[in-house]
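If you want the building blocks of each chain, they are given just below.
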Amino acid sequence: MTPTALALVLFAALLHAGWNAMVKAMDDRAGVLAAVSAAHAVLGLILVLSFPLPAIASWPSIAASTLLHYGYYILLFCAYRLGDLSQVYPISRGLAPAVVALSAVALIGESLAPLGWIGVACVSVGVTILALQKGAVQASRAAVLFAICLGMLIAAYSVADGIGVRRSGNAFSYMGWLFLLEFPVPLTIALIRRQTGGGFSPRVLGIGAIGGIAAVSAYGIVLYVKTIAPLGAVSAVRESSVIFAALIGILWFGERPIAARLLAAAVVSVGVMTIASS
């Protein structure tokens, strides 16, 4: 992975951790997720109107990733309703790097150098340390199960998008349709709120819009880098967002324990540097 690709993915990871911190800070998480997905759809419409259709070969990936993202939002809501964000997030994100790397080998014959595999392993170990920190063992079994399923979905759409964006002929066209097809998510949440007599506060919509811009930027960057770097390496560096989230938790939310989080951050940092050097 080139220094430019590495810097882009690390920036995307920081953006992703930032918008997840916004979700954690809000009581109305469904409302924030609705606003985030609405921002995706709006930007997607702009991209769709600005760029030509992606190549036909990429549409199966767009369809698969869209359906997987619908499942992602459902599992995300269920997992956060039953478990703590600081445990659900690292468990779900930590599964992805190894699964994506192995899937890339099986599906498209794309493997990493030995140092790259060591780096992926370091990232996964670091995230596991964070997931198994003090208090995690008391987490709801249902929440852990949802988090594991969530991790498998993340890996699945990461591979689908990695293949699809390379076949699309234009990364922005691919992003546009992928983001636009998220419109049923905010629409469904809005209809449910209307039927139950609820609504969305301006603060929730504002925070969600900011989070949506960060989320769109983060995933757009990742999709682009997947066209110039190995999928397994991109996924591993991408999941350093877990460490950014842990540090935000220490500084912003006062989460503890500090030692386990810093150890996990150090192990992931070694993994990221190993991937970069490979």
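Residues numbered from 1 in each chain as written. Predicted model: local features only at pLDDT ≥ 70, side-chain atom pairs only at ≥ 80, totals over all residues. Heavy atoms only, no water.

K.L.:
Looking at this model, I keep getting lost on the overall build of the chain. Mind explaining?
P.N.:
In terms of regular secondary structure, the chain is built from twelve helices and zero strands. In the chain, the succession of helices and strands from N to C terminus is α-α-α-α-α-α-α-α-α-α-α-α. Taking 278 residues into account, the globule formula puts the C-alpha radius of gyration at 19 Å, and the chain, at 18 Å, falls close to it. Across its three principal axes, the chain shows a C-alpha extent of roughly 55 × 45 × 30 Å. The burial tally for the chain puts 53% of its 278 residues in the buried class. If you take every contact in the chain between residues at least 6 apart in sequence, the share linking residues at least 24 apart comes to 88%. Surface summary for the chain: the accessible area is close to 11,900 Å², and the carbon and sulfur share equals 73%. Of the side chains in the chain, 15 bear a positive and 8 a negative charge, and the two mean positions are spaced by 3 Å. (Helix = DSSP H or I, 4+ residues; strand = E, 2+ residues; numbered from the N terminus. Rg over C-alpha atoms; globule rule 2.2 N^0.38 Å. Buried < 20%, exposed > 50% of the residue type's maximum accessible area, 1.4 Å probe, protein only. Contact = heavy atoms within 4.5 Å. Areas by Shrake-Rupley, 256 points an atom, 1.4 Å probe, with all protein chains shown as cover. Lys, Arg positive; Asp, Glu negative; His and termini not counted. Charge placed at Lys NZ, Arg CZ, Asp CG, Glu CD.)

K.L.:
Would you explain the packing of aromatic side chains in this entry?
P.N.:
Given two aromatic rings, one states the distance between the centres and the angle between the planes to describe the pair. On inspection of all chains with the given rule, the structure shows five aromatic pairs. With a centroid separation of 5.7 Å and 90° between ring planes, the pair formed by tyrosine 72 and tyrosine 157 is classed as edge-to-face. Of this pair, tyrosine 72 sits in helix 3 (residues 59-82) while tyrosine 157 sits in helix 6 (residues 141-167); the two residues are 85 residues apart in sequence, bridging distant segments of the chain. Tyrosine 157 carries the same exposure label as tyrosine 72, and that label is buried. Consider the rings of tyrosine 157 and tyrosine 219, whose centres lie 5.9 Å apart with planes at 85°: the pair is edge-to-face. Placement of the pair is tyrosine 157 in helix 6 and tyrosine 219 in helix 9 (residues 202-225), with a sequence separation of 62 residues. No difference in accessibility class separates tyrosine 157 from tyrosine 219, as the two residues are buried. Clustering of aromatic rings is evident, with ring pairs tying together Tyr72, Tyr73, Tyr157 and Tyr219. (Phe/Tyr/Trp six-rings, centres within 6.5 Å; stacked < 30°, edge-to-face > 60°.)

K.L.:
Before we go on, may I ask you to explain the confidence of the model for the chain in this structure?
P.N.:
A low pLDDT score tells you not to read the predicted coordinates there in detail. Taken over all residues, the pLDDT of the chain has a mean of 85, while the share at 70 or more is 94%. Across the chain, element-level confidence peaks in helix 7 (residues 171-180) with a mean pLDDT of 96 and bottoms out in helix 4 (residues 85-108) with 77. (pLDDT = per-residue confidence, 0-100.)

K.L.:
Would you mind going over the state of the cysteines with me for this structure?
P.N.:
By definition, a disulfide links the sulfur atoms of two cysteine residues through a covalent bond. The tally for this structure, following the rule as stated, stands at zero disulfides. As a non-bridged cysteine, cysteine 78 has cysteine 149 as the owner of its nearest cysteine sulfur, 10 Å distant. When its relative accessible area of 16% is taken as the criterion, cysteine 78 is described as buried. (Disulfide = S-S within 2.5 Å.)

K.L.:
Can you walk me through the environment of serine 65 in this structure?
P.N.:
Relative to the helices and strands, serine 65 is located in helix 3. For serine 65, a relative accessible area of 0% gives the class buried. Each C-alpha atom of the pair serine 65 and alanine 156 lies 7.9 Å from the other, and the pair is 91 residues apart in sequence. Setting aside its immediate chain neighbours within four residues, serine 65 contacts Tyr157, Ala160, Asp161, Tyr174 and Leu178.

K.L.:
Which parts of the structure should I look at to understand the environment of alanine 64?
P.N.:
Considering the arrangement of structural elements, one finds alanine 64 in helix 3. For alanine 64, a relative accessible area of 32% corresponds to the partly exposed category.

K.L.:
Whenever I open this one, the packing of helix 1 (residues 3-25) against helix 10 (residues 231-238) confuses me. Can you help?
P.N.:
Packed helices, taken two at a time, are described by the angle their axes make and the gap between the axes. The contact between helix 1 and helix 10 brings their axes to 8 Å, and the two run at 40°. Taken together, the axis directions place helix 1 and helix 10 in an arrangement best described as oblique. The crossing of helix 1 and helix 10 is right-handed. Residues Leu6, Val9, Leu10, Ala13 and His16 of helix 1 touch helix 10, and the partners they reach there are Val234, Val237 and Arg238. Here the residues of the contact of helix 1 with helix 10 are counted per class, giving six nonpolar, one polar and one charged. (Axes fitted to C-alpha atoms, helices over the stretch in contact; angles between N-to-C directions. Parallel < 35°, antiparallel > 145°, perpendicular 65-115°, else oblique. Left-handed = near helix turned anticlockwise from the far one by under 90°. Nonpolar A, V, L, I, M, F, W, Y, C, P; charged D, E, K, R; others polar.)

K.L.:
Teacher, can you tell me more about the pattern of salt bridges here?
P.N.:
Opposite charge on two side chains permits pairing when their charged atoms draw close. On inspection of all chains with the given rule, the structure shows two salt bridges. Close ionic contact of arginine 193 with aspartate 28 constitutes a salt bridge, the shortest N to O distance being 2.5 Å. Here aspartate 28 lies in the loop between helix 1 and helix 2 (29-50) and arginine 193 lies in helix 8 (residues 184-195), a separation of 165 residues in the sequence. Owing to a relative accessible area of 15%, arginine 193 belongs among the buried residues under this scheme. (Salt bridge = Lys/Arg side-chain N within 4 Å of Asp/Glu carboxyl O.)

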